[in-house]
Amino acid sequence: MGGTVDGTARQLGTRLHELVRTVRLIRRRRADVRPLVPLGLAGMLMQIDQLPPGCHARELAARTGLDPSTISRAIASLVGLGLVERRADPTDMRARVLAVTPDGRAALTEIFDWYGGVLDRALADWTPDEMAALSTAIGRFTRDIETALGHHDNLEAAR
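This write-up is about the structure you can find in this document. (Residues numbered from 1 in each chain as written. Predicted model: local features only at pLDDT ≥ 70, side-chain atom pairs only at ≥ 80, totals over all residues. Heavy atoms only, no water.)

### As for the pattern of salt bridges
Thought 1: Following the criterion strictly, the structure yields 6 salt bridges and no others.
Thought 2: With its nearest N and O atoms 3.1 Å apart, the salt bridge here joins Glu18 to Arg15. With Glu18 and Arg15 both in helix α1 (residues 7–33) and 3 residues apart, this pair spans about one turn of that helix.
Thought 3: Taking relative accessible area as the criterion, Arg15 reaches 44% and is therefore assigned partly exposed. (Salt bridge = Lys/Arg side-chain N within 4 Å of Asp/Glu carboxyl O. Helix = DSSP H or I, 4+ residues; strand = E, 2+ residues; numbered from the N terminus. Buried < 20%, exposed > 50% of the residue type's maximum accessible area, 1.4 Å probe, protein only.)

This is how it looks when you write it as structure tokens:
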């Protein structure tokens, strides 16, 4: 494309803008009907759950591309809600690792059930092949964007 944006890329940009708007709508709706985990913290709780057991806050910051101070505030909120706990690192007693609590697991189950219900309704007319193709395309797209940004950019501003 040589630095110019052709019609197809412009249309993709429009669709991505619409997708971001839709994701915000879903998040606001969830916050309205299921306020157990405050808006913005559900994703962080999911990220902590996906990291290997005994992860450190710095690993969470690296995975999310967020500033360590943002991670620290989010962790403090999750700890305050009883959804995450800080434990002594068995390999370095001076350090702390993160662990999802039983209440955090229950919250994650509820979060996945709620989002799953939304997706089930939204994709009710889609075939399994269409859903698999979308999932594959989104996965490739996010990897390619990360590669294009060089993996090292702090994604804080993109939030």
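### Observations regarding helix α4 (residues 68–80)
Thought 1: In a regular helix each residue adds 1.5 Å, so 13 residues correspond to 18 Å; α4 covers 18 Å between its end C-alpha atoms and thus fits that length.
Thought 2: What α4 keeps buried is the set Thr70, Ile71, Ala74, Ile75 and Leu78. Down the axis of α4, the sector holding all buried residues measures 130°, keeping them to one side. Summarising the geometry of α4, the exposed residues directed more than 90 degrees from the buried face are Arg73 and Gly80.
Thought 3: Those residues of α4 that are buried lie in contact with α2 (41–50), α3 (57–64), β1 (84–89) and β2 (92–100). (Expected span 1.5 Å × (residues − 1). Arc of directions from axis to C-beta. Contact = heavy atoms within 4.5 Å.)

### Remarks on the side chain of His56
Thought 1: Locating His56 in the fold gives a position in the loop between α2 and α3.
Thought 2: Classification of His56 by relative accessible area gives buried; the value is 10%.
Thought 3: Among residues more than four places away in sequence, those in contact with His56 are Asp89, Ala95, Arg96, Val97 and Leu98.

### Brief notes about a nonpolar patch on the surface
Thought 1: A cluster of nonpolar side chains, contributed by Leu12, Leu16, Leu19, Val23, Phe141, Ile145 and Leu149, occupies part of the molecular surface with about 550 Å² of accessible area.
Thought 2: Counting residues per element, the ones that place at least two in the nonpolar patch are α1 and α6 (128–148).
Thought 3: A total of 4 residues in the nonpolar patch trace back to one element, the largest contributor, which is α1.
Thought 4: Overall, Ile145 belongs to the partly exposed group, its relative accessible area being 38%. (Patch = residues over 30% accessible without salt bridge, like charges linked within 9 Å, V, L, I, M, F, W, Y side chains within 5 Å. Areas by Shrake-Rupley, 256 points an atom, 1.4 Å probe, with all protein chains shown as cover.)

### Focus on the nonpolar core
Thought 1: Ranked by size, the top nonpolar core spans 23 residues in total, and within it Met44, Leu45, Ile48, Leu60 and Leu78 carry the most contacts.
Thought 2: Elements supplying a minimum of two residues to this core: α2, α3, α4, β2 and α5 (102–122).
Thought 3: No other element matches the 6 residues that α2 contributes to this core.
Thought 4: In this structure Leu45 touches Leu78, Leu83, Val84, Val100, Gly104, Ala107, Leu108 and Ile111, once residues within four positions along its chain are discounted. (Core = buried A, V, L, I, M, F, W, Y, C linked by side-chain atoms within 4.5 Å.)

### Focus: the packing of α2 against α4
Thought 1: For the pair α2 and α4, interaxial distance at closest approach is 10 Å and the crossing angle is 90°. When the interaxial angle is binned, α2 and α4 end up roughly perpendicular. The residues of α4 that touch α2, namely those facing Leu41, Met44, Leu45 and Ile48, are Ile71, Ala74, Ser77 and Leu78. (Axes fitted to C-alpha atoms, helices over the stretch in contact; angles between N-to-C directions. Parallel < 35°, antiparallel > 145°, perpendicular 65-115°, else oblique.)

### Digging into the pairing of β1
Thought 1: Across 6 bridges, the pairing between β1 and β2 is antiparallel. If you follow Arg86 over to β2, its bridge partner there is Leu98. (Pairing = 2+ DSSP bridges.)

### Focus: the packing of α2 against α3
Thought 1: For the pair α2 and α3, interaxial distance at closest approach is 10 Å and the crossing angle is 110°. In terms of orientation, α2 and α3 fall into the roughly perpendicular class. Between α2 and α3 lies a crossing whose hand is right-handed. Packed against α2, whose contacting residues are Met44, Gln47, Ile48 and Gln50, the element α3 presents Leu60, Arg63 and Thr64 at the interface.
Thought 2: Taken together, the residues that form the contact of α2 with α3 break down as 3 nonpolar, 3 polar and 1 charged. (Left-handed = near helix turned anticlockwise from the far one by under 90°. Nonpolar A, V, L, I, M, F, W, Y, C, P; charged D, E, K, R; others polar.)

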